[in-house]
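One letter stands for each residue in the lines below.
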Amino acid sequence: MSEEAKPKRRFKVPRHVRRILSVGVLIFIFEYLVLPQFGTAKKSLHLLSDVNPVLLVLAVLVEAAAIASYSELTRTVFTPHAPKRFETNRINLSTLALSHVLPGGTAPASALSYRLFSEAGVPASTNAFGLAAQGSGSAVVLNIIFWIALVISIPLRGFNPAYGFAALAGVFLMLAFFGTIALLTRGQHRADAWLRATVGRIPRVNPETITRLLTHVAERITMLTSNRAILWTSLGWAAANWLLDATSLWIFVYAFGYALSPIDLLVAFGLANVLAVVPITPAGLGLIEFILIPTIVGFGVPQQAATLAVLAYRFVNFWLPIPIGGAAYLSLEWRRSKPQAG
């Protein structure tokens, strides 16, 4: 066999090397982005004596309401096969905890979410569509909130290059989201033909199964977009999730004695969360802090107060859901392992 005829081997990075690289990235982020923030916070501990504990409790409750809003979004996109509210909350907390402990945790968290909701009785097509619509739709709503805040803020505060980068990333997300919807609904026959041709080349994959799933997903999209009540309810819960999360951050800043303008807050919050979608660290650990603190400082909050406020917010937003979600997952597994009566 000639050199030209020999099949080219694709270089594949060994799994243990990928793990080492992931750990290395995490160490880098922790050392250069997270640890310096704790150093600043240590010098600012005297500010804790002036913090209003009632506001701290209120901020925690608002963050809990944000998580509950996301569960209501889940139940809406799963209509009419939505699990009970308590069940949905436990599943979402379980997947939230997983996404907070793994780099690029969105993928394994989505897989876990799919399994848990399947076990809860959600049909496969509804499950696949619901999870995709929930994640993508929520991201679209975040970008809309961010754009509105930018439109109001730029004439007052001026332009920052990071704003343009985040806004551009949002444009690509929106084009991908609405393009997919258009392809699956108005161009379903073309998508079906293309998918059959593509999937037919993959060994052990049945094109009929894939196209049948595509048809069900397209039907779910049509149902959601044609049912205005469900559509607006979904958008409302997605907006409530982000706005309550941002409100929790605002309360933490206010607890340290500084009242941010709501527009400034949404610009800082949107910028951090839009740029944190890059799956470098779990749920943007280090990146969100690295973006939020200087942006809030740029809006007039002193460095020490901004650092403590953001770290307190991230403790509730990032760290606290991990043990709570772990307990929720154990409760789901315990229920599944119990012998069924009869």
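Residues numbered from 1 in each chain as written. Predicted model: local features only at pLDDT ≥ 70, side-chain atom pairs only at ≥ 80, totals over all residues. Heavy atoms only, no water.

**Q** Tell me about the overall build of the protein, and please be specific about residues and values.
**A** When its secondary structure is counted, the protein shows 13 helices and zero strands. Helices (α) and strands (β) of the protein occur, in sequence order from the N terminus, as α-α-α-α-α-α-α-α-α-α-α-α-α. Considering only contacts in the protein between residues 6 or more positions apart, those separated by 24 or more positions represent 73%. (Helix = DSSP H or I, 4+ residues; strand = E, 2+ residues; numbered from the N terminus. Contact = heavy atoms within 4.5 Å.)

**Q** An account of the confidence of the model for the protein is requested, with residue identities and associated values reported.
**A** Scored by pLDDT, the protein has a mean of 76; 62% of the residues are at 70 or more. Put simply, helix 1 (residues 15-43) is where the protein has its lowest mean pLDDT, 52, and helix 2 (residues 53-77) is where it has its highest, 95. A low-confidence stretch, residues 6-13 (pLDDT under 50), is modelled with four contacts involving residues beyond four sequence positions or located in other chains. (pLDDT = per-residue confidence, 0-100.)

**Q** Lay out the packing of helix 11 (residues 287-298) against helix 12 (residues 303-319) in plain terms, naming residues and giving numbers.
**A** Close contact between helix 11 and helix 12 brings their axes to 9 Å; oriented N to C, the two are set at 145°. Note on packing geometry: the crossing formed by helix 11 with helix 12 is right-handed. Contacts from I288, E289, L292, I293, I296 and V297 of helix 11 reach helix 12 at Q303, A306, T307, V310, L311, Y313 and R314. Among the residues forming the contact of helix 11 with helix 12, the class breakdown is nine nonpolar, two polar and two charged. (Axes fitted to C-alpha atoms, helices over the stretch in contact; angles between N-to-C directions. Left-handed = near helix turned anticlockwise from the far one by under 90°. Nonpolar A, V, L, I, M, F, W, Y, C, P; charged D, E, K, R; others polar.)

**Q** Can you lay out the nonpolar core for me, pointing to particular residues and giving the numbers?
**A** By size, the foremost hydrophobic cluster in this structure holds 54 residues, and its most contacted members are L249, V253, L260, F269, L292, I296 and V301. Among the secondary structure elements, those contributing two or more residues to this core are helix 2, helix 4 (106-119), helix 5 (124-157), helix 9 (228-255), helix 10 (262-275), helix 11 and helix 12. Broken down by element, this core gets its largest block of residues, nine residues, from helix 10. The contact partners of F269, leaving out residues within four places of it in the chain, are L142, W242, D245, A246, L249, L292 and Y313. (Core = buried A, V, L, I, M, F, W, Y, C linked by side-chain atoms within 4.5 Å. Buried < 20%, exposed > 50% of the residue type's maximum accessible area, 1.4 Å probe, protein only.)

**Q** Hey, could you go over unusual backbone geometry for me, with residue numbers and the actual values?
**A** The peptide bond linking T79 to P80 adopts the cis configuration, its omega dihedral lying at 5°. In this structure, P80 sits in the loop between helix 2 and helix 3 (85-99).

**Q** Lay out the pattern of salt bridges in plain terms, naming residues and giving numbers.
**A** Taken as a whole, this structure holds six salt bridges when the rule is applied. The partner of R90 in a salt bridge is E87, with the nearest N and O atoms 3.2 Å apart. Here R90 and its partner E87 are both found in helix 3, three residues apart, which amounts to about one turn of the helix. Taking relative accessible area as the criterion, R90 reaches 13% and is therefore assigned buried. The shortest N-O distance in the salt bridge between E333 and R115 comes to 3.6 Å. (Salt bridge = Lys/Arg side-chain N within 4 Å of Asp/Glu carboxyl O.)

**Q** How would you summarise the packing of helix 3 against helix 4 if you had to cite specific residues and measurements?
**A** At a closest axis distance of 8 Å, the pairing of helix 3 and helix 4 adopts a crossing angle of 160°. The angle between helix 3 and helix 4 places the two elements in the roughly antiparallel class. Of the two possible hands of crossing, helix 3 and helix 4 adopt the one that is right-handed. Residues T88, I91, N92, S94, T95, L98 and S99 of helix 3 lie in contact with helix 4, whose contacting residues are P108, A109, L112, S113, L116 and F117. (Parallel < 35°, antiparallel > 145°, perpendicular 65-115°, else oblique.)

**Q** Got a sec to walk through helix 4? Specific residues and values, please.
**A** Under the 1.5 Å per step criterion, the end-to-end length of helix 4 is 20 Å for 14 residues, consistent within 8% with the ideal 20 Å. Of the residues making up helix 4, those classed as buried are A109, L112, S113, L116 and F117. Down the axis of helix 4, the buried side of the element spans an arc of 125°, and every buried residue falls inside it. Count one or two residues on from helix 4 and you reach G121, which has phi positive near 100°. (Expected span 1.5 Å × (residues − 1). Arc of directions from axis to C-beta.)

**Q** Report on helix 12, specifying residues and quantitative values.
**A** Owing to its 3.6 residues per turn, the α-helix aligns residues three or four sequence positions apart on the same side. Look at helix 12: 22 Å from first C-alpha to last across 17 residues, which is about the 24 Å you get at 1.5 Å a residue. In terms of burial, helix 12 is largely enclosed, as twelve of its 17 residues are buried. Within helix 12, the full set of buried residues consists of A305, A306, T307, L308, A309, V310, L311, Y313, R314, V316, N317 and F318.

**Q** Quick one: what's the story with the environment of A328, residue by residue and with numbers?
**A** Structurally, A328 is set in helix 13 (residues 321-337). With 233 residues separating them in the primary sequence, A328 and T95 have C-alpha atoms 9.6 Å apart. Apart from the residues within four sequence positions on either side, A328 is in contact with R90, L93 and S94.

**Q** So what's going on with a nonpolar patch on the surface? Residues and values would help.
**A** Judged by side-chain polarity, I144, I148, V151 and I152 come together as a nonpolar surface patch covering roughly 360 Å² of accessible area. Tracing the chain through its elements places I144 in helix 5. According to the relative accessible area criterion, I144 is partly exposed, its value standing at 36%. (Patch = residues over 30% accessible without salt bridge, like charges linked within 9 Å, V, L, I, M, F, W, Y side chains within 5 Å. Areas by Shrake-Rupley, 256 points an atom, 1.4 Å probe, with all protein chains shown as cover.)

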